[in-house]
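One letter stands for each residue in the lines below.
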Number of protein chains: 4
Amino acid sequence: MTRLKMGMVGGGIGSFIGDVHRKAASIDGMIDLVCGAFSSSTEKSLASAEALGIPKERAYGSFEEMILEEAKLPEEERMDFVSIVTPNHMHFPPAKMALEHGFHVICDKPMTLTLDEALELEKIVHSSGKVFALTHNYTGYPMVKQAKAMIAKGDLGDLRKVCAQYLQGWLATSVEKTGQKQAAWRVDPKKSGIGGALGDIGTHAENLVEYITGLQIEELAADLSAFGEGRTLDDDGNILLRFDNGAKGVMTFSQIATGEENNLGVKVYGTKGSIEWYQENPNELTVRWLENTKQIFTPGGNGGYPESSDYVRIPAGHPEGYLEGFATMYRSFAQELLNVKNNQSQSASPDFPTVKDGVRGMKFIYAAVESSNNNASWTKI
Amino acid sequence: MTRLKMGMVGGGIGSFIGDVHRKAASIDGMIDLVCGAFSSSTEKSLASAEALGIPKERAYGSFEEMILEEAKLPEEERMDFVSIVTPNHMHFPPAKMALEHGFHVICDKPMTLTLDEALELEKIVHSSGKVFALTHNYTGYPMVKQAKAMIAKGDLGDLRKVCAQYLQGWLATSVEKTGQKQAAWRVDPKKSGIGGALGDIGTHAENLVEYITGLQIEELAADLSAFGEGRTLDDDGNILLRFDNGAKGVMTFSQIATGEENNLGVKVYGTKGSIEWYQENPNELTVRWLENTKQIFTPGGNGGYPESSDYVRIPAGHPEGYLEGFATMYRSFAQELLNVKNNQSQSASPDFPTVKDGVRGMKFIYAAVESSNNNASWTKI
Amino acid sequence: MTRLKMGMVGGGIGSFIGDVHRKAASIDGMIDLVCGAFSSSTEKSLASAEALGIPKERAYGSFEEMILEEAKLPEEERMDFVSIVTPNHMHFPPAKMALEHGFHVICDKPMTLTLDEALELEKIVHSSGKVFALTHNYTGYPMVKQAKAMIAKGDLGDLRKVCAQYLQGWLATSVEKTGQKQAAWRVDPKKSGIGGALGDIGTHAENLVEYITGLQIEELAADLSAFGEGRTLDDDGNILLRFDNGAKGVMTFSQIATGEENNLGVKVYGTKGSIEWYQENPNELTVRWLENTKQIFTPGGNGGYPESSDYVRIPAGHPEGYLEGFATMYRSFAQELLNVKNNQSQSASPDFPTVKDGVRGMKFIYAAVESSNNNASWTKI
Amino acid sequence: MTRLKMGMVGGGIGSFIGDVHRKAASIDGMIDLVCGAFSSSTEKSLASAEALGIPKERAYGSFEEMILEEAKLPEEERMDFVSIVTPNHMHFPPAKMALEHGFHVICDKPMTLTLDEALELEKIVHSSGKVFALTHNYTGYPMVKQAKAMIAKGDLGDLRKVCAQYLQGWLATSVEKTGQKQAAWRVDPKKSGIGGALGDIGTHAENLVEYITGLQIEELAADLSAFGEGRTLDDDGNILLRFDNGAKGVMTFSQIATGEENNLGVKVYGTKGSIEWYQENPNELTVRWLENTKQIFTPGGNGGYPESSDYVRIPAGHPEGYLEGFATMYRSFAQELLNVKNNQSQSASPDFPTVKDGVRGMKFIYAAVESSNNNASWTKI
């Protein structure tokens, strides 16, 4: 099997999400990190390369340099794709340039700083003919796949009600004033965009809900708040949802939910049954039935669909976690690249979130902010 | 100890809630059921009395008869109070008459059919000088008391966010068309009032939230739905909440949440900590802290406050349930009656829900229906 | 319905188990407490009667007095049965005397102080023709009934493995030296018999295992310990089990398991499926299957057998607890007494633990102590 | 950072544990797989190498060939260490040869086929001066580290009681007769040794208990069973334990526990507190206290010790799983090799299981089999 070569933008040593991407990319043995513009400081980029065992000549001081220099290398040597793990405002520029220079792209979420950028990026992706993936990693969990498959097959009947939550507490105090870098850029509209927690985690909840249900949120009524002193972006929100099939729902998210760690969860109710899943305990899917006894599905366990068990790396009872779910993004992306390398056409419905999901996430952010500015009036997505 | 004598309106043999009230009233050995107008049919009332071991001369064919006849009995023989366990439309008439004839009243919720009735009842209670209790039984659980006490003492800091849910699935299909009596009256506006699930379980969630937090919901934006075919009353709802201290919240309730049994739950987030509690697993209270390790409190367990452990009947680890929480309503009500019998004045803040809570619940129903009729516009309670 | 009249031996105000018996007896409205020898002190017995609303002429200073005096009363007035809630050494004398004077008996466990007493009591019960029940209350939980029914129907196939635990921590320190009465008699062989934790809670585990599985423990190898300073009776034990069908098992119990409250649990594995249940969360029964998805049964919930749901007092999702399980003992006992009153013969397999279970429990205690004294050698029960 | 080069013995494509080792080795970016004797068939070994992206000249037909050929390569090219992932009978030969040819070794458990081999291997490791690690991977979970640290610091006081379980159901039927390779060698004494489930999973439980508690099992009384038709090795066992500090315990393990997936769990009770942990839900550690409220620790969460949080790769609430725990074995082993490469001496107490743990595991197997053959008589380890 040919292994794919990855170049990284951002993610210098010490960053949270860069390290996650690297580990996730490595788990399935399909991808090697070969170069990076790990920092806007050449010195720091070099230090990161050194620590990561990457030759210094492939540690670049900027994404522009990386893209230009790598493009000059012989095909069998140069990077196959770019992984973008910078704050939001630095997603669009490297994505655009990489695509335009013939590199595939995998990018962290939310996709861009603004909706305009998102719409432009969508055009660029299509015109480039390159593969673009967005790491809405929570869709990679086997039990999320199981829920999606059960709903798609009609096991739950017609869907009527959706409850989603994404609760964190790490911004309960003003940590952005203490030099915490992760917090600092997230509360800064110039780097985050118009959504705070909304963009950072609300989009995950939105994506998860639409992924599992196959429905689209048609309109919403959002009440966003900024509890943290001096914050201009939301750090908490409650949203009423109406779906395109007539289902109703509610979403709550927060980064000031004191004591919560990473409590993403979803409940979906249909006429025949319902599902319940939580990211912090990802290897259980609770399914309730109209007439039968409640069931607990597990990855690779009895009764699971192939749509789920195909994503399980280890036997039932051996818990997989966040990194494995994330790795599934990379594995599916890598598989698509290998297909393309083998002169197959791109998949019409690839097995990872795409630029379309990215646009949808940005529209969700914009609709929620507009609704909240209008005192939670109903706003179409 | 003098035992108190209870007369019951409604609750003939076979009824769900009548039996609950009887069991709850009996647990602590303070109350004897001595008479009842168990049914509007004298024959059925007699049969119920027979089954319950009550002499037939004290089985009445109507609440009017019961109140008038009991009032004629010598004081040491006649009932001390009336327990009203009928559908909503039959709360106000017997409550009013009982109070006006000098009997204390304990009544199921929601308090009345209409807000006007509620406001009138409030006046009657005050002018009667009698004790009136409303069985919002979920406030009787020891872990609810613990949560309330922790918040009152400031353990959680300033409250910012509240999430409440009350999810049932028993109306997921049109059971009201199958002769199920419980369902039939609940979907009938003439018997239920203007709220369906809203009145039946939404008011429990509202009461629980205000009880635990000590806050009041100031305004709300409600999206109510009737999913069941032909239903005119809501069987599902999602509500945005704003509290009088600036906290925000969200409430979701449903009786079409397929597979759910009686999933009432609440999460409250403050600046220093947060609590999470579910009625189906009532003997655990999860408390998360800004800086300390997550804790699980149990009734009578280590670290519980007296405000909670005083309500525990059996040692830690011996689970108490729904009936015990309900019994706490009766015990506190009975204690108040004994005080009054001993010529003490009524407590200014009695240890059970009162007519004030009942009025508040009706206002909540009316505000939510008005908001929903206005497409979820913000409406003051 | 005729209500039954109960006389109580022991259980003065302030006692733990006496209060439990009273509440349990009252829940289903079939039994009235009419008299008691609540304490060996006449004064204390009177005070208890007063607090319980029992006329002072029926508060007795000794069980002998109670039995003799009650026997003189007209049949429609005198107690129907005696409830014995004293420490172990005071079970046999009142049980024997009550039976011999024509009263039915319901008695706390373990049945007697010694095995000899147990064997003698068995004879007395049979010759008396009276009903005798032993309150192994944990068999009253609906999910225990469900497990038993599933096994009896063969749902789990042939049973192969049983794991039982009963873990408490309340004797982790020397509370018996602090004036704690509950602890004091339990560590005193003159009052407890030859088993400490073994008799107090080990017998519950033994009874539960045999009740659920329908198997008998054939032999055991026990390693008992007394960790508490100065204790002569065991406060901890681990036991290997061999059953009469060839199944193997293990039991662990302890009263020095620091932090544990009342953690009784059981797992049973058959060739087709298995069950898992814990007393502290009694409304869930986990069932694992050879080929199907794991299920969670709930009282009155979907898929439960009538053998379980017939014991549920309130709809699914309304948790029942320890008192309700205990109440089921009293209700079944009361029903048997009513049958006998109606001149029916005693049930061949009554729906409550009998003197036979009591003898078995005492044999279990004696076998375990003998085994432990022989360094955990295999010992037949 | 220099990356280390790994050669693998066994683990051809399609094997369970070989793939686990590869993924685990790759997660932290310190190790590259460079060669392998993936199968005793050269053809299959080549196919595996191809699929893994390894040049065919480094796919060997036998471990002997691999060791001899790699030894001839220049130091900067040849493998640094051998990872042995074959069935038990093929652990000792490659380990011995690798060590004797100057390669470090990381090996799956149980360490060897026989105790004699284990003792000989211990000598070889010492005389070779090479590093040897044994993948008792469950000690790599952060919550296991937390439990160990709390006990080591005395937080739980003096330990008194230990309960361990390892329950699987995958051998509940005779899958070894269906061509299932994993099952086939495990029930074959020539490949597994004298222990069946005992060696396969019992040793994990033994290792975990001794790792967490810092105690040693001094003697045991084992009742082993072979329920599967025609099996000569145990597939189930129950063991009484006595520890070197006077603590008592019980262990139960099974591969015929129908419906169980990989239910390894441990409870440890001390005079001041106790811990409870389960592998299937590895990111929660329950801690109960003599006097304080029960706590739930999470990886990287509030209140965790550095001894635990240093092993957490991602922020609290992002679950890590089996592969991450396994990866910790490889990371610690790799760090030790890097130290040795930098001319540091080997750590006196390395942060991974060593040959000493391997010997102890084999002694545990031999003691348990001997005890069981003597009808569960006490046997020293």
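1. Quick look at the nonpolar core
Ranked by size, the top nonpolar core spans 212 residues in total, and within it Phe-132, Ile-239 and Tyr-322 of chain B together with Phe-132 and Ile-239 of chain C carry the most contacts. Contact partners of Ile-239 of chain C, with chain neighbours within four places excluded, come to Leu-198, Leu-220, Ala-221, Ala-222, Gly-249, Val-250, Met-251, Phe-253, Phe-364 and Ala-368 of chain C together with Leu-240 of chain D. In this structure, Val-162 and Phe-364 of chain A together with Leu-220 and Trp-277 of chain D belong to the second largest nonpolar core, which totals 211 residues.

2. Side note on the relation of the copies chain A and chain B
The two copies are related by a screw operation: chain A maps onto chain B through 180 degrees of rotation and 0.0 Å of translation along the axis, at an RMSD of 0.0 Å. In the structure described here, the two chain copies are related by an operation that fits a two-fold rotation axis. Residue by residue, 100% of the interface of chain A is reproduced at the interface of chain B, so both copies engage with the same surface.

3. So, the UniProt feature "domain: GFO/IDH/MocA-like oxidoreductase" (unreviewed entry) in chain A
UniProt records the feature "domain: GFO/IDH/MocA-like oxidoreductase" (unreviewed entry) at residues 144–276 of chain A, using the numbering of this structure. Here residues 144–276 of chain A is 27% helix and 34% strand, with 10 Å between the C-alpha atoms at its ends.

4. Things to note about the interface of chain A and chain C
Accessible area lost upon the coming together of the parts serves often as the stated size of an interface. Taken together, the 11 residues of chain A in the interface contact 11 residues of chain C. Interface area, chain A with chain C, both sides summed: about 940 Å², of which 45% is carbon and sulfur. Taken as a group, Thr-293, Ile-296 and Asn-302 of chain A account for 57% of the area that chain A buries against chain C, more than any other trio of residues on that side. Along the contact surface separating chain A from chain C lie zero salt bridges.

5. Some words on the sheet that holds strand S1 (residues 4–9) of chain D
Two pairing modes exist for strands in a sheet, parallel and antiparallel, and in both the strands are linked by backbone hydrogen bonds. All names here are of chain D. Strand order in the open sheet made by the five strands is S2-S1-S3-S4-S5, with parallel pairing throughout. Only two strands of the sheet have a single partner each, and these edge strands are strand S2 (31–37) and strand S5 (132–134). Averaged over all pairs of adjacent strands, the angle between strand axes in this sheet comes to 25 degrees, irrespective of strand direction. Taken together, the six bridges between S1 and S2 define a ladder with parallel strand orientation. What sits directly across from Val-9, in S2, is Ala-37. Those strands touched by helix H3 (residues 63–72) are S1, S2 and strand S3 (81–84), and its axis lies near 125 degrees from that of S2.

6. A look at the side chain of Gln-255 of chain A
Residue and element names in this part refer to chain A. With respect to the secondary-structure elements, Gln-255 resides in the loop between strand S9 (248–254) and strand S10 (263–270). At 3.0 Å, the side chain of Gln-255 and the side chain of Gln-168 are in polar contact. Sequence-distant contacts of Gln-255, defined by excluding residues within four places in its chain, comprise Gln-168, Gly-169, Trp-170, Leu-171, Ala-172, Ala-197, Asp-200, Ile-201 and Asp-235.

7. Considering the packing of aromatic side chains
Counted under the stated rule, the structure contains 28 aromatic pairs over all chains. Geometrically, the ring pair formed by Tyr-322 of chain B and Phe-326 of chain B is tilted, given 5.7 Å between the ring centres and 55 degrees between the ring planes. Note that Tyr-322 of chain B and Phe-326 of chain B are positioned in helix H11 (residues 322–341) at a spacing of four residues, about one turn of the helix. What makes Tyr-322 of chain B buried here is its relative accessible area of 3%. Across the ring face of Tyr-311 of chain C, the terminal group of Lys-145 of chain C is positioned such that the distance to the ring centre comes to 4.3 Å.

8. Concerning the side chain of Glu-336 of chain D
Summarising the element assignment, Glu-336 of chain D is placed in helix H11 (residues 322–341). For Glu-336 of chain D, the contacting residues outside a window of four places in its chain are Val-131, Gln-346, Ser-347 and Phe-352 of chain D.

9. Some remarks on the pattern of salt bridges
One pass over the full model with this rule turns up 100 salt bridges over all chains. For Asp-235 of chain A, the salt bridge is made with Arg-231 of chain A, and the minimal N-O distance between the two is 2.7 Å. When sorted by exposure, Asp-235 of chain A lands in the same class as Arg-231 of chain A, which is buried. Where Arg-313 of chain B meets Asp-28 of chain B, a salt bridge forms, and the shortest distance between an N and an O atom there is 2.8 Å. On the criterion of sequence distance, the pair formed by Arg-313 of chain B in the loop between helix H10 (306–309) and H11 and Asp-28 of chain B in the loop between helix H1 (16–27) and strand S2 (31–37) is long-range, its members being 285 residues apart.

10. Things to note about the domain arrangement of chain A
All names here are of chain A. When cut into domains, chain A gives domain 1 (4–138 + 326–354) and domain 2 (141–314 + 361–380). Each of domain 1 and domain 2 was reduced to a C-alpha centroid, and the two centroids are 26 Å apart. Listed per partner, the contact involves 24 residues of domain 1 and 28 residues of domain 2. Summed over both sides, the interface of domain 1 with domain 2 buries roughly 2100 Å², with 55% coming from carbon and sulfur.

11. Considering the interface of chain A and chain B
Taken together, the contact between chain A and chain B spans 45 residues of the former and 45 residues of the latter. Both faces considered, chain A and chain B share a buried interface measuring about 3400 Å² in area, 51% of it formed by carbon and sulfur atoms. Between the two partners, chain A and chain B, sit eight salt bridges. Lys-161 of chain A is paired through a salt bridge with Asp-236 of chain B; the nearest N and O atoms lie 2.8 Å apart. Of all the secondary structure elements, the ones that give two or more residues to the side of chain A that touches chain B are strand S6 (159–167), strand S7 (217–225), strand S8 (236–243), S9, S10, strand S11 (273–278) and strand S12 (285–289) of chain A. In terms of residue class, the side of chain A that touches chain B is built from 17 nonpolar, 17 polar and 11 charged.

12. As for the relation of the copies chain A and chain C
Each copy superposes on the other: chain A lies on chain C with an RMSD of 0.0 Å after a rotation of 180 degrees and an axial shift of 0.0 Å. Both copies present the same face, since 100% of the interface residues in chain A are matched by interface residues at the equivalent positions in chain C.

13. Some points on empty space enclosed by the protein
Under the defined criterion, the tally for this structure stands at 12 cavities of 30 Å³ or more. In this model, the largest cavity occupies a volume close to 60 Å³. Its residues assigned to classes, the lining of the largest cavity comprises four nonpolar, five polar and four charged.

Parameters at a glance
Residues numbered from 1 in each chain as written. Chains lettered and ligands numbered in written order. Predicted model: local features only at pLDDT ≥ 70, side-chain atom pairs only at ≥ 80, totals over all residues. Heavy atoms only, no water. Core = buried A, V, L, I, M, F, W, Y, C linked by side-chain atoms within 4.5 Å. Buried < 20%, exposed > 50% of the residue type's maximum accessible area, 1.4 Å probe, protein only. Contact = heavy atoms within 4.5 Å. Least-squares fit on C-alpha atoms with pLDDT ≥ 70 in both. UniProt positions renumbered as here; feature names shortened; annotations may be inferred. Helix = DSSP H or I, 4+ residues; strand = E, 2+ residues; numbered from the N terminus. Buried area = accessible area lost by both parts, 1.4 Å probe. Salt bridge = Lys/Arg side-chain N within 4 Å of Asp/Glu carboxyl O. Pairing = 2+ DSSP bridges. Axes fitted to C-alpha atoms, helices over the stretch in contact; angles between N-to-C directions. Polar contact = N/O pair within 3.5 Å; in protein donor to acceptor, adjacent residues only side chain to side chain. Phe/Tyr/Trp six-rings, centres within 6.5 Å; stacked < 30°, edge-to-face > 60°. Lys NZ or Arg CZ within 6 Å of the ring centre and 35° of its normal. Domains from an automatic or database assignment. Nonpolar A, V, L, I, M, F, W, Y, C, P; charged D, E, K, R; others polar. 1 Å grid on protein atoms, 1.4 Å probe; cavity = no way out; pocket = protein on both sides within 12 Å on 5 of 7 lines; lining within 4 Å. Points joined across faces, edges and corners; volume = space filled by probe spheres on them.

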